[in-house]
Amino acid sequence: PEKESQQAAYRPHENLLGKLKPPEHLLNLLSSQVSAFYFSQYVSKKFSSETLSFWVAVEHFKCRVSQNESVAVPYAKEIFDTYLKRFSEKEVNLEGEQHNLNISTVSVRTFDSLQDKAWQLLVNSDYQKFTTSQDYKDYIDGKPLTQLKRSSTIDR
């Protein structure tokens, strides 16, 4: 009984599995450090970690800018240079005007449309494949994190 309650605490999403639609389930998954770690491991193996990293960076950007607008332009430039600039090391492939983004007038909403595109990729491609992967099975089975290689995909 005690072991069962520990496992339930370890897998908080299990009660919601099947009740949430993929976008909400992915958001729930990303809100837990443990499950986010498994997902980040998966996207890293599939060479799409920059999409998740970009999405997370924009979430951080929104939080930081809403608390202190003076950080908006420098942080927007950092996001642009890291994820949106042509040939940057972590360039995201979002099909659109990402390379022409004007960061001279920055607001908390500057990256909204690009973040939405990244989210759609995560939900409709990466997340769907993740739920049938060994990484997801390891998460569901409660495989200890010490057996997995640490990734900085979601660290920021």
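Right, let's walk through the structure included here. (Residues numbered from 1 in each chain as written. Predicted model: local features only at pLDDT ≥ 70, side-chain atom pairs only at ≥ 80, totals over all residues. Heavy atoms only, no water.)

1. Considering the overall build of the protein chain
The number of helices and strands found in the protein chain is seven helices and zero strands. Put simply, the protein chain runs from its N terminus to its C terminus through helices and strands in the order α-α-α-α-α-α-α. Sorting the 156 residues of the protein chain into buried and exposed places 40% on the buried side. (Helix = DSSP H or I, 4+ residues; strand = E, 2+ residues; numbered from the N terminus. Buried < 20%, exposed > 50% of the residue type's maximum accessible area, 1.4 Å probe, protein only.)

2. Considering the packing of aromatic side chains
Inspection of the entire model under this criterion finds 11 aromatic pairs. Seen in terms of ring centroids, Phe54 and Phe111 are 6.4 Å apart; in terms of plane orientation they differ by 85°. Their pairing is edge-to-face. In this pair, Phe54 sits in helix α4 (residues 49–67) while Phe111 sits in the loop between α5 (72–84) and α6 (112–130), placing the two residues 57 residues apart along the sequence. Phe111 gets classed as buried once you look at its relative accessible area, which sits at 0%. Positioned above the aromatic ring of Tyr75 is the side chain of Arg64, whose terminal nitrogen or guanidinium carbon lies 4.3 Å from the ring centre. (Phe/Tyr/Trp six-rings, centres within 6.5 Å; stacked < 30°, edge-to-face > 60°. Lys NZ or Arg CZ within 6 Å of the ring centre and 35° of its normal.)

3. What to know about helix α7 (residues 134–141)
Restricting attention to buried positions, one finds in α7 the residues Asp135, Tyr136, Asp138 and Tyr139. Considered in projection along α7, the buried side chains sweep an arc of 155° and stay on one side of the axis. The opening residue of α7, the one whose side-chain oxygen lies 3.4 Å from the backbone nitrogen of Asp135, is Ser133. Taken from the residues just after α7, Gly142 is the one with a positive phi, measuring 75°. (Arc of directions from axis to C-beta. Polar contact = N/O pair within 3.5 Å; in protein donor to acceptor, adjacent residues only side chain to side chain.)

4. Considering the environment of Ile140
Relative to the helices and strands, Ile140 resides in helix α7. Its relative accessible area of 22% is what places Ile140 among the partly exposed residues. Each C-alpha atom of the pair Ile140 and Ser35 lies 9.2 Å from the other, and the pair is 105 residues apart in sequence.

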